[in-house]
Amino acid sequence: MRQGSHSPIGVFDSGVGGLTVLKSLMEHLPHESTVYLGDTARVPYGTKSGEVVTRYSLKNAEFLLERGIKLLVVACNTASAAALPALEAALPVPVVGVIQPGAQAALERTRGGGVGVIGTPGTIRSGAYQRALETANPGVRVKARACPLFVPLAEEGWTTGDVPLLTAREYLGEFAREGVDTLVLGCTHYPLLKGVIAEVVGPHVALVDSAEATALAVAALLARKELLAPATTRAPSHAYYVTDVPERFMEVGARFLGRPIDAAEQVDLKF
């Protein structure tokens with residue numbers, strides 16, 4: 001299928017977290033249509049090998065290409081760390097991951113060169129954010145911390161109150177004492193907890209939302225390639241696909257997206 005400015009943006013994630021990236025895309029690119037795929041049958045990706053994540057990612061991309069996308073957003077941090085080179089080599093459309101935009105935004109925000117990164121154990125263990133930051137600025141000081149309980153808190157809607165606040169203090173108290181002035185939210189679930197994270201690290205630490213940074217990177221890339229959807233009276237379309245039953249995806253996803261998900265279609269990618 002031939003791609004053009006009216007073609008949709010494709011987004012995939014292992015589950016619902018990538019909907020925060022989709023939300024930012026909708027906010028910054030309101031005329032763009034989108035196709036979202038959540039590989040909910042195989043979530044989480046963070047516990048799997050890089051080879052398996054790459055195989056899943058290529059199959060996800062193939063599915064989205066069949067729907068005529070003009071650009072692919074890899075909204076999963078684990079897949080961005082493991083599969084981006086393979087996707088870029090295999091796909092005929094531009095590919096944007098979430099790690100490089102988040103790292104670049106952090107380097108633009110930091111005042112003293114101290115950058116913190118929080119994410120899932122798999123993302124932090126991969127070292128992808130650390131490498132991206134240190135490659136772009138060898139003088140940067142990076143402190144990384146896995147925050148695994150943030151994901152279930154976000155999915156259960158526990159984003160305010162004592163439980164998330166105490167959890168954030170346990171994970172992030174050290175950042176306030178160690179010269180970090182910029183903190184990358186290196187998991188697509190974490191924007192839902194931005195309020196308690198900001199309360200713990202304090203106003204002197206700038207929070208970088210990798211979802212928003214990714215949306216801005218996509219907007220710039222589409223503009224450079226002259227692929228931005230024109231501003232017309234026709235409303236954009238947004239389609240949702242999942243690889244497991246859609247009911248929980250629709251329920252939890254509405255919190256991540258900030259709007260109801262009226263329908264999501266279950267598909268079999270035949271791995």
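No experiment lies behind these values; they were computed from the predicted model shown.

Cut-offs used in this document
- Residues numbered from 1 in each chain as written.
- Predicted model: local features only at pLDDT ≥ 70, side-chain atom pairs only at ≥ 80, totals over all residues.
- Heavy atoms only, no water.
- Helix = DSSP H or I, 4+ residues; strand = E, 2+ residues; numbered from the N terminus.
- Rg over C-alpha atoms; globule rule 2.2 N^0.38 Å.
- Buried < 20%, exposed > 50% of the residue type's maximum accessible area, 1.4 Å probe, protein only.
- Polar contact = N/O pair within 3.5 Å; in protein donor to acceptor, adjacent residues only side chain to side chain.
- Disulfide = S-S within 2.5 Å.
- Pairing = 2+ DSSP bridges.
- Right-handed = clockwise from strand over helix to strand, strands pointing away.
- Axes fitted to C-alpha atoms, helices over the stretch in contact; angles between N-to-C directions.
- Contact = heavy atoms within 4.5 Å.

1. Overview of the overall build of the protein
Here is step 1: What the protein contains, in helices and strands, is eleven helices and ten strands.
Here is step 2: A globule of 271 residues ought to have a C-alpha radius of gyration of about 18 Å, and the protein, at 18 Å, matches this closely.
Here is step 3: Principal-axis analysis of the C-alpha atoms gives the protein an extent of 55 × 40 × 40 Å.
Here is step 4: Each of the 271 residues in the protein was classed as buried or not, and the buried ones make up 56%.

2. Considering the environment of S126
Here is step 1: Inspection of the secondary structure assignment puts S126 in helix 5 (residues 121–126).
Here is step 2: For S126, a relative accessible area of 27% gives the class partly exposed.
Here is step 3: For S126 and A82, which are 44 residues apart along the polypeptide, the C-alpha to C-alpha distance reads 8.3 Å.
Here is step 4: A distance of 3.2 Å separates a polar side-chain atom of S126 from the backbone nitrogen of A128.

3. Let's talk about the state of the cysteines
Here is step 1: As enumerated under the stated definition, the model contains zero disulfides in all.
Here is step 2: With no disulfide of its own, C76 lies closest to C187 among cysteine sulfurs, the gap being 8.7 Å.
Here is step 3: Classification of C187 as buried rests on a relative accessible area of 5%.

4. With respect to the pairing of strand 7 (residues 182–185)
Here is step 1: A two-sided burial pattern is seen for strand 7, the buried positions comprising T182 and V184 on one face and L183 and L185 on the other.
Here is step 2: The pairing of strand 5 (residues 114–119) with strand 7 spans four bridges and is classified as parallel. Following the sheet pairing, G116 is matched in strand 7 by L183.
Here is step 3: Pairing of strand 7 with strand 8 (residues 206–209) involves four bridges; the strand directions are parallel. By the bridge assignment for strand 8, V184 is matched with V208.
Here is step 4: For the segment spanning strand 7, helix 9 (residues 194–201) and strand 8, crossover handedness is right-handed.

5. Brief notes about the sheet that holds strand 8
Here is step 1: Reading across the sheet, the four strands line up as 6-5-7-8 and stay open at both edges, with parallel pairing between neighbours. Only two strands of the sheet have a single partner each, and these edge strands are strand 6 (141–146) and strand 8. In this sheet, adjacent strand axes meet at a mean angle of 20° when their direction is disregarded.
Here is step 2: On top of the sheet, helix 4 (residues 99–109) reaches strand 5, strand 7 and strand 8; it is set at about 160° to strand 8, its chief contact.
Here is step 3: Docked against the sheet, helix 6 (residues 128–136) engages strand 5, strand 6 and strand 7, running at close to 170° with respect to strand 6.

6. Section: the pairing of strand 3 (residues 71–74)
Here is step 1: A two-sided burial pattern is seen for strand 3, the buried positions comprising L71 and V73 on one face and L72 and V74 on the other.
Here is step 2: Looking at chain direction, strand 1 (residues 9–13) and strand 3 are connected through four bridges and run parallel. For G10, the partnering residue across the bridge sits in strand 3 and is L72.
Here is step 3: Across three bridges, strand 3 lies against strand 4 (residues 95–97) in parallel orientation. Following the sheet pairing, L72 is matched in strand 4 by V95.
Here is step 4: For the segment spanning strand 3, helix 3 (residues 77–90) and strand 4, crossover handedness is right-handed.

7. Description of unusual backbone geometry
Backbone geometry follows two general trends: most residues other than glycine have a negative phi, and most peptide bonds adopt the trans configuration.
Here is step 1: Cis peptide bonds are those with omega within 30 degrees of zero, and the linkage from V43 to P44 qualifies with 5°.
Here is step 2: Tracing the chain through its elements places P44 in the loop between strand 2 (34–38) and helix 2 (50–65).
Here is step 3: Its identity as a non-glycine residue notwithstanding, E226 has a phi of 55°, on the positive side.
Here is step 4: Positionally, E226 belongs in the loop between helix 10 (210–224) and strand 9 (238–242).

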